[in-house]
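Now for the letters of each chain:
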Amino acid sequence: FAPTPLLRTTTTTSLDASKCGNYDFDVIIVGCGVGGHGAALHSRAQELTTAVFSGKDVGGTCVNRGCVPSKALLAASGRVREMQASSHLKEFGITVEGEVKYDREGVANHAKQLANRVKGNLEGSLVALGVDIVDGRGVLTGKPHEVKDESSGKVWTAKDIILAPGSIPFVPPGVTVDEQTVYTSDGALELKSVPEWVAIIGSGYIGLEFSDVYTALGSEVTFIEALPNIMPTFDREIAKQAERLLIRERPIDYRTGVFASEVTPGIPGVKPVTIKMIDAKTKEHVETLEVDAAMVATGRVPNTAKMGLEETGIETQRGFIAVDEKMRVLTKHGDGGEVVPNVYCIGDANGKMMLAHAASAQGISAIENICGREHEVNHDAIPAACFTHPEIAMVGPTEEQAIERAAKEGWTLGKSQGSFRANSKALAELEGNGMAKVLYNKETGKVVAVHIIGIHAADLIQECANAVAAGTTVQELSMMVHTHPTLCEVLDEAFKGAVGMSAH
Ligand SMILES: Cc1cc2nc3c(=O)[nH]c(=O)nc-3n(C[C@H](O)[C@H](O)[C@H](O)COP(=O)(O)OP(=O)(O)OC[C@H]3O[C@@H](n4cnc5c(N)ncnc54)[C@H](O)[C@@H]3O)c2cc1C
Ligand SMILES: NC(=O)c1ccc[n+]([C@@H]2O[C@H](COP(=O)([O-])OP(=O)(O)OC[C@H]3O[C@@H](n4cnc5c(N)ncnc54)[C@H](O)[C@@H]3O)[C@@H](O)[C@H]2O)c1
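Heads up: these notes are all about the structure in this document. (Residues numbered from 1 in each chain as written. Chains lettered and ligands numbered in written order. Predicted model: local features only at pLDDT ≥ 70, side-chain atom pairs only at ≥ 80, totals over all residues. Heavy atoms only, no water.)

For the rest of this paragraph, the subject is the overall build of the protein chain. A count of helices and strands for the protein chain gives 15 helices and 23 strands. Over its C-alpha trace the protein chain gives a radius of gyration of 24 Å, about what one expects of a compact globule, namely 23 Å for 504 residues. Projecting the C-alpha coordinates of the protein chain onto the three principal axes gives extents of approximately 70 × 65 × 50 Å. Taking all 504 residues of the protein chain together, the buried fraction comes to 50%. For the protein chain, contacts bridging at least 24 residues in sequence account for 63% of all contacts bridging at least 6. Just so you have it, the protein chain exposes about 22800 Å², and 51% of that area is on carbon and sulfur atoms. Treating the 47 positive side-chain charges of the protein chain as one cloud and the 64 negative ones as another, the clouds have centres 1 Å apart. (Helix = DSSP H or I, 4+ residues; strand = E, 2+ residues; numbered from the N terminus. Rg over C-alpha atoms; globule rule 2.2 N^0.38 Å. Buried < 20%, exposed > 50% of the residue type's maximum accessible area, 1.4 Å probe, protein only. Contact = heavy atoms within 4.5 Å. Areas by Shrake-Rupley, 256 points an atom, 1.4 Å probe, with all protein chains shown as cover. Lys, Arg positive; Asp, Glu negative; His and termini not counted. Charge placed at Lys NZ, Arg CZ, Asp CG, Glu CD.)

We now examine the site of ligand 2. In the vicinity of ligand 2 lie 25 residues, with Ile206, Glu225, Gly299, Met354 and Ala385 positioned nearest. Methionine 354 is positioned such that a nitrogen or oxygen atom in its backbone is 2.8 Å from an oxygen atom of ligand 2. Calculation on ligand 2 without its partners gives an accessible area of 860 Å², and the protein chains cover 82% of this total. Sorting the residues of the shell around ligand 2 by element identifies α8 (205–216), β10 (220–225) and β12 (258–264) as the ones contributing at least two each. Tallied by class, residues from the shell around ligand 2 come to 16 nonpolar, five polar and four charged. (Near = heavy atom within 4 Å. Polar contact = N/O pair within 3.5 Å; in protein donor to acceptor, adjacent residues only side chain to side chain. Nonpolar A, V, L, I, M, F, W, Y, C, P; charged D, E, K, R; others polar.)

This part takes up the sheet that holds strand β14 (residues 285–291). In spatial order, the strands read β12-β13-β14; together these three strands make up an open sheet with antiparallel pairing. Each of the sheet's edge strands pairs with one partner strand only, and the pair in question is β12 and β14. On average, each strand axis in the sheet is tilted by 25 degrees relative to the strand beside it, whichever way the strands run. (Pairing = 2+ DSSP bridges. Axes fitted to C-alpha atoms, helices over the stretch in contact; angles between N-to-C directions.)

A separate point is the pattern of salt bridges. If charged atoms from side chains of opposite charge come close, those side chains can pair. Counting across every chain of the model gives 22 salt bridges. A salt bridge links lysine 352 to glutamate 325, with the shortest nitrogen-to-oxygen separation between them at 3.1 Å. Of this pair, lysine 352 sits in the loop between β18 (339–345) and α10 (356–370) while glutamate 325 sits in the loop between β16 (300–302) and β17 (328–330), and the two are 27 residues apart along the sequence. In this structure glutamate 325 comes out as partly exposed when scored by relative accessible area, which is 34%. Three or more residues joined by partner-sharing salt bridges are found here, namely Asp235, Glu237, Glu399, Lys415 and Lys437. (Salt bridge = Lys/Arg side-chain N within 4 Å of Asp/Glu carboxyl O.)

What follows concerns the sheet that holds strand β11 (residues 252–256). Hydrogen bonding along the main chain pairs the strands of a sheet, whether they run parallel or antiparallel. Taken in spatial order, the five strands of this open sheet run β8-β15-β9-β10-β11, and their pairing is parallel. Two strands bound the open sheet, and with one partner strand each, they are β8 (182–183) and β11. In the sheet, β10 pairs with β11 via five bridges, with the strands oriented parallel. From the neighbouring strand, isoleucine 224 faces β11, where its bridge partner is arginine 255. Across the sheet, α8 touches β8, β9 (197–201), β10, β11 and β15 (293–296), and the angle it forms with β10 is around 165 degrees.

Have a look at this one:
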């Protein structure tokens, strides 16, 4: 694959010239992760002439250092876990003779090759649709409609500019990362080693998914979490179930309410990694751990430095770019922020929701607004999933947040549950652990949120996300027919339960 040379607007599309006037392009997108890519595809579908600045990183975090390689590691390590679970296999009547082995490099290569393949597909789709790819980093010049190629200094113009620079790992102060013994997800995804004992700092999505990979491949894990609860961002009831299924049954222990305040890399086989922990409230030293490796999974920060934002009059907050509901960039966060004409920001950099499909949806939405069709993304209807075994998936607020919201807005919260325990398909798979809970507005019947933990929860959540997006009621959902025998019947049970019907 070789990127196409930059083409001028007049030669790339059949657009009527008035649409882009004297600009080189109708739309320039800075950053070509899933957000930029989604925006570019939708832009071309509207016949807008489009260029993306890729910074030589087509696919961005998701494809190269995020969703794609992490799911490849989870898939491979998940197989190892399954094949090693001899008593579980015995229940199926299956015996695995001898020791189940894996080749670390082979597993790592699976992740790398998948990322390269998906990246190639993304590049191919852009080229096929006539999107011009600029390899360099794009920087705002401070003048309206202009983006400069940082390395060549060449300036390109567009009627509208979409910023999609994404995010990078956050490394707390005092933590030294060498990407060998102390690493972020960037280093962990390369799977250069499988440490005997690894401390994972942070028990969010990344920490949890990696604990699944590491324990399947034979590591022991210690979580270090600053907040009082493990998995603090998840719904409490789901987090408790997750603790039972994903932590207590595995060689995992944890500390909560402590900061990893000083982390010093080690030398493999010679010197351990040391982790000093302080009490999150009193800041007093509580413990020092010596482990083989430490993974830093303490969140992500926007990749917005040196993009010409200050020159354009855009003030960031911890690097996040403020946007309104139409993805239009605002001069600052909070009161007094004004729209910067013709500049949009999508994806991780605006901090609305750090998810691949949210970035892409925001990209499509920005293009809709550029085309003059007013559009706002309903972030409450965007599902999320944590791809552990079993998976956790959710759409909408946690139960704790929903209770607050109901009290504030004056409506009554309803709750109904379905269980994997009585589900034929789950039992056939010998995967009867887990639950789905549906939270709904008792007055309107509309679904507010759904939280699922159980086999294939990530796929099950889509029906619920569609229901939230469409405003479907539990009454309507309870009358919709679910295929038998499928895992979807766990949701059917919850929907029917909400209206006093029995699913069986
Ligand atoms: C380990 C891990 C696993 C994840 N798993 C999931 C998952 O399963 N599901 C999910 O939904 N999300 C997942 N995420 C989150 C997801 O990767 C991000 O939400 C998503 O990538 C955000 O997309 P984006 O386009 O905003 O930014 P990015 O994907 O970060 O892309 C931004 C791109 O812009 C480039 N860039 C930056 N500045 C410039 C510039 N000035 N000029 C040119 N280019 C520039 C960057 O180099 C990058 O290529 C995961 C993240 C990690 C780290
Ligand atoms: N499957 C998915 O959709 C998926 C997978 C991976 C990542 N992501 C996205 O990537 C982003 C980053 O993920 P993440 O897991 O790094 O972040 P996170 O914000 O989900 O979790 C970070 C955790 O680290 C803790 N923490 C922060 N500083 C600490 C310190 N010094 N000591 C101890 N604990 C500390 C926080 O309290 C928090 O619980 C998320 O926003 C997520 O949306 C999504």
